[in-house]
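# Overview (structure and organization)
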Amino acid sequence: MKVKDSVYIGFALGLIGAFAGTLLIYLSRFSYMGVLEYYQTIWDSRITGPIISLGAILNLLVFFLLYWLKFFKMARGVIASMFFLVVIVLILKFI
């Protein structure tokens, strides 16, 4: 089965990777509270941006894996999602 090499799939993988990274932070540090309470706490504490930034570190693994497998367009999509997340973090920082 041939996998389609697409920037859009890479973009989606980058967003999913960042979300998975924030869930890993939740499971490692805040598992004593519910998921909705976790998101409410990080929103009220104004640490949403840093949590998203830390979660996006998982995208390095996704990027290098895609690059190693020679899915260059998907790797570009992961980079594009990182730029999108940077814009989101900047907006959250100045709200």
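As the structure is a prediction and not an experimental result, all values here were calculated from the model.

## Some remarks on helix α3 (residues 48-55)
Every buried residue belonging to α3 is among T48, G49, I51, I52 and G55, and all of these are buried. Burial along α3 is one-sided: seen end-on, the buried residues are contained in an arc of 165 degrees. Against the buried residues of α3 lie α1 (7-29), α2 (35-44), α4 (58-68) and α5 (72-93).

## Considerations on the packing of aromatic side chains
Throughout the structure, instances matching the rule amount to 7 aromatic pairs. A ring pair is formed by F30 and Y38, whose centres lie 5.3 Å apart and whose planes are at 40 degrees; its orientation type is tilted. Taken individually, F30 and Y38 each receive the classification buried, so the pair is uniform in this respect. Here the aromatic rings of F63 and Y67 are separated by 6.0 Å at their centres, their planes lie at 20 degrees, and the arrangement is stacked. A residue pair is termed a helical-turn pair when its members lie 3 or 4 positions apart in one helix, as F63 and Y67 do in helix α4 at 4 residues. Taken together, the aromatic side chains of Y26, F30, Y38 and Y39 make up a single cluster linked through ring pairs.

Each value, and the rule that gives it
- Residues numbered from 1 in each chain as written.
- Predicted model: local features only at pLDDT ≥ 70, side-chain atom pairs only at ≥ 80, totals over all residues.
- Heavy atoms only, no water.
- Buried < 20%, exposed > 50% of the residue type's maximum accessible area, 1.4 Å probe, protein only.
- Helix = DSSP H or I, 4+ residues; strand = E, 2+ residues; numbered from the N terminus.
- Arc of directions from axis to C-beta.
- Contact = heavy atoms within 4.5 Å.
- Phe/Tyr/Trp six-rings, centres within 6.5 Å; stacked < 30°, edge-to-face > 60°.

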